[in-house]
Amino acid sequence: MMMTQTTKITNPAIDVTDLTVAYHEKPVLWDVDFQAPQDTLLAIVGPNGAGKSTLIKTILGLLKPAAGRIQVFGKNYRPQSRLIGYVPQKGTVDWDFPTNVLDVVLMGRYGHLGWFRRPKVEDRKMAVDCLEKVGMADFMNRQISQLSGGQQQRVFIARALIQDAPIYLMDEPFAGVDAATERSIITLLRELKDKGKTIICVHHDLQTLKEYFEWVMLLNVRAVALGKVTDILTQENLRKTYGGKAAFLTGLKEEEEKGHASA
Amino acid sequence: MDSHQLDILILAALTAVTCALPGVFLVLRRVSLMSDAISHAILLGIVVAFLFTKKLASPWLVIGAAVVGVLTVSLTELIINTRKLKKDAAIGLVFPLLFSIGVILINKYIQGVHLDADCVIFGEIAFAPFDRFVINHIDLGPRSLWTTGAVFLLNLTFILVFYKELKLTTFDKGLAAALGFFPTLLNYLLMTIVSVTAVASFESVGSILVVALMIAPPSAAYLLTNRLSTMILISGILGILSALGGYFLAYVLDASISGSMATFAGILFFLALIFAPEKGILAKILVRRWKKWNFASETLSVHLLQAEYAHAEETERVVSHMSDHMLWNDDYTSEAIAQAIEDGLIRKEGNRLTLTPLGREKAKNILEKK
């Protein structure tokens, strides 16, 4: 199956070629090509088990590919180069860990500090600034176990902001947050994009895809399609990605029609 | 108290703090069982090193123990990575095997030396003061005090130097790797520290007490604070209390010192479990209770406000009819009324209930939110 790519990308922020990742010889990503243009909001979309998180983790160097090449701004990537800020799924950490909000945000700064150096007053100030940007400054001394799902996500995003990287990889930043938080997060991501950052999110909600993102990659173990959302989000591409889940796709169609009617 | 007793107390307290330091991270990483595994498995390392050096006081014993400690972790990871078994089963498979090989080696090749399975498991702290560290005929105190002191300094340095890195890798391994730190390396360093701590303590306090001192004080401290640095501090203090309390318990009961210390550490944990100010069982019960009556008194205020709005009949506001209206039993109703009066939400005038301004305000807020 050939990947559909509608728009040519020059000088991509991330350039992945022929990437295969396997757990015990079972491929989770098969020969994936993926390019993320600079200065854009891009969603990685696909069914459960499509390898979306795996793709992100492999780009970050957390997983070793079985084959393929990954380049960031035209160079092989090393975590120490600090070009990528990372927002993992919030379920991957223990929110009962004995620490507070400010401390979690400061952890994003550890990459700049390197080994052994401790955070200083300036780092703390930066952390407070980042918390302000996500509207969580009032919570900086709050124990993290007392946060709601939406607040946890905001803290994670503040922790990414303090990494101050040109590229952000976010694993489901909208999972388990309320509508108001979702709004404020997308506003924030747009601001980052306007500052010339590249933001790549694993995203689940096809309904909001068009509204939130300019670019999309459809993934299901293999790369299905990559391009501008308006070009890529077709019934055929979605069927290729998700298989014949008719009811679910009709839901999207109705939504689209409603959108057209109101437009 | 004679000088031997004092030696024992100091040694026990020092061992407790030494164990609590890495223990905090074992508890937070949810690998507490690793302390059990390592403290047993290192017997193999000790025995093999002893067979080569023929000396019990050789530093090679520590190195042997550290190697086997790391081996225990690697073998466990190896089994987990096959995805056929879960972590607990993998740990449970690896350490009895290594420990048993150690026991067989002792049976076959070692006689007449104070090195056997019993001494590894229970230790004998009462004998510790008699093994002196003597240089040029100068008595520098019990040998185990020096070894434990050295390991204490090692552990303290380790945690001070790698505090930030340990915190990050414990809280979020993925981010740690993404930021260019090495979570796996730090994990093995931590496990090496646990192994070295276990071998330094095995002679005096035995592996059961090592496990108890690594897990119980940090677990109790976890319930008592919301800060990592404070948790480490409290763990150390609770460790010392376990050592001192256990010693006097042993004195009173005329029982095993190690056993009494482990028991005392357990008692301290259960006290924390019950009485911890925020996370304790008692605090949870009190909060639940407060919420229950707070809810009841608010419900009552809302009911009275609705009755005001609807210009309902007088019976809606009469104490004796309240149970029927709310479908509550009489006891619950009178408790709720008492609570609402105490909260200043309602007033009781004879048999009639009215809202106070505060109660009206609160009830309005509740209704408007919906």
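Residues numbered from 1 in each chain as written. Chains lettered and ligands numbered in written order. Predicted model: local features only at pLDDT ≥ 70, side-chain atom pairs only at ≥ 80, totals over all residues. Heavy atoms only, no water.

Along the backbone of chain B there are 16 helices and four strands. In summary, chain B has a C-alpha radius of gyration of 30 Å against a globular reference of 21 Å for 370 residues, an excess of more than 25%. In terms of overall dimensions, chain B has C-alpha extents of about 95 × 55 × 35 Å along its principal axes. Put simply, chain B has 370 residues, and 50% of those count as buried. (Helix = DSSP H or I, 4+ residues; strand = E, 2+ residues; numbered from the N terminus. Rg over C-alpha atoms; globule rule 2.2 N^0.38 Å. Buried < 20%, exposed > 50% of the residue type's maximum accessible area, 1.4 Å probe, protein only.)

Turning our eyes to something else, we now look at the interface of chain B and chain A. Between chain B and chain A, the contact holds 31 residues from the first and 34 residues from the second. Between chain B and chain A, roughly 2,800 Å² of surface is buried when both sides are summed, and carbon and sulfur atoms account for 64% of that area. Between chain B and chain A we count three salt bridges in total. In this structure, aspartate 94 of chain A and arginine 30 of chain B form a salt bridge, with 3.2 Å as the shortest nitrogen-oxygen distance. Scanning the region where chain B abuts chain A turns up eleven residue pairs in polar contact (both at pLDDT 80 or more). Sorting the residues of the side of chain B that touches chain A by element identifies helix H6 (143–161), helix H7 (163–171), helix H8 (173–178) and helix H11 (228–253) of chain B as the ones contributing at least two each. Here the side of chain B that touches chain A gets seven residues from one element, more than from any other, and that element is H7 of chain B. (Contact = heavy atoms within 4.5 Å. Buried area = accessible area lost by both parts, 1.4 Å probe. Salt bridge = Lys/Arg side-chain N within 4 Å of Asp/Glu carboxyl O. Polar contact = N/O pair within 3.5 Å; in protein donor to acceptor, adjacent residues only side chain to side chain.)

The next subject is the sheet that holds strand S9 (residues 198–202) of chain A. Residues and elements named next belong to chain A. Spatially, seven strands are ordered S1-S11-S10-S4-S9-S8-S7 in an open sheet, and the strand pairing comes out mixed. Each end of this open sheet is capped by a strand with a single partner; those strands are strand S1 (4–5) and strand S7 (84–87). Sheet topology places S1 next to strand S11 (residues 222–228); two bridges connect them, and they run parallel. Residue threonine 4 lies in a different strand from S11, and its bridge partner there is alanine 225. Where helix H1 (residues 52–60) meets the sheet, its contacts fall on strand S4 (41–45), S7, strand S8 (167–171), S9 and strand S10 (215–220), and the angle it forms with S8 comes to roughly 145°. The sheet contacts of helix H6 (residues 179–194) involve S4, S8 and S9, and relative to S9 the element is tilted by about 145°. (Pairing = 2+ DSSP bridges. Axes fitted to C-alpha atoms, helices over the stretch in contact; angles between N-to-C directions.)

Residues and elements named next belong to chain A. Among the five residues in S9, five count as buried, and that is most of the element. The side-chain alternation of S9 yields two buried faces, one formed by Thr198, Ile200 and Val202 and the other by Ile199 and Cys201. In this sheet, S9 lies alongside S8 in parallel orientation, the contact comprising five bridges. When the sheet's bridge partners are listed, tyrosine 168 is paired in S9 with isoleucine 199. With H6 bridging S8 and its parallel neighbour S9, the resulting β-α-β unit is right-handed. (Right-handed = clockwise from strand over helix to strand, strands pointing away.)

Glancing now at the pattern of salt bridges. Residue and element names in this part refer to chain A. Inspection of every chain in the model, using the stated rule, returns eleven salt bridges over all chains. The partner of aspartate 164 in a salt bridge is lysine 197, with the nearest N and O atoms 3.3 Å apart. Remark: lysine 197 occurs in the loop between H6 and S9 and aspartate 164 occurs in the loop between helix H5 (149–161) and S8; sequence separation between them is 33 residues. Judged by relative accessible area, which is 47%, aspartate 164 ranks as partly exposed.

Residue and element names in this part refer to chain A. Here we have four strands laid out as an open sheet, ordered S3-S2-S5-S6, and antiparallel in their pairing. Sheet topology places strand S3 (26–36) and strand S6 (75–76) at the edges, where each strand pairs with a single neighbour. Pairing analysis gives five bridges linking strand S2 (residues 14–23) to strand S5 (residues 67–72), with the strands arranged antiparallel. Bridge pairing in S5 places valine 16 opposite isoleucine 70. Relative to S2, H1 is tilted by about 115°, and along the sheet it contacts S2, S3 and S5.

This next bit is on the packing of H5 of chain A against H6 of chain A. All names here are of chain A. Where H5 meets H6, the axes come as close as 10 Å, and the angle between the chain directions of the two elements is 10°. Looking at the two axes, H5 sits roughly parallel to H6. Crossing of H5 against H6: the hand is left-handed. For the pair H5 and H6, the contacting residues are Gly150, Gln153, Arg154, Ile157 and Leu161 in the first and Thr181, Ser184, Ile185, Leu188 and Leu192 in the second. Residues of the contact of H5 with H6, tallied by class, amount to five nonpolar, four polar and one charged. (Parallel < 35°, antiparallel > 145°, perpendicular 65-115°, else oblique. Left-handed = near helix turned anticlockwise from the far one by under 90°. Nonpolar A, V, L, I, M, F, W, Y, C, P; charged D, E, K, R; others polar.)

Taken as a whole and judged by the stated rule, the model has 14 aromatic pairs over all chains. With a centroid separation of 5.2 Å and 40° between ring planes, the pair formed by tryptophan 95 of chain A and phenylalanine 156 of chain A is classed as tilted. With tryptophan 95 of chain A in the loop between S7 and helix H2 (101–107) and phenylalanine 156 of chain A in helix H5, this residue pair connects regions lying 61 residues apart in the sequence. According to the relative accessible area criterion, tryptophan 95 of chain A is buried, its value standing at 10%. The class of phenylalanine 156 of chain A is buried, set by a relative accessible area of 0%. An angle of 65° between the planes, with centres 5.3 Å apart, marks the rings of tryptophan 115 of chain A and phenylalanine 181 of chain B as edge-to-face. (Phe/Tyr/Trp six-rings, centres within 6.5 Å; stacked < 30°, edge-to-face > 60°.)

We now examine the packing of helix H9 (residues 183–202) of chain B against helix H10 (residues 206–224) of chain B. All names here are of chain B. Where H9 meets H10, the axes come as close as 9 Å, and the angle between the chain directions of the two elements is 130°. With respect to H10, the axis of H9 lies oblique. Handedness of the H9/H10 crossing: right-handed. Note on element contacts: H10 touches H9 through Gly206, Val210 and Met214, opposite Val194, Thr197, Ala198, Ser201 and Phe202.

Note that all results are geometric; they support no functional claim without further evidence.
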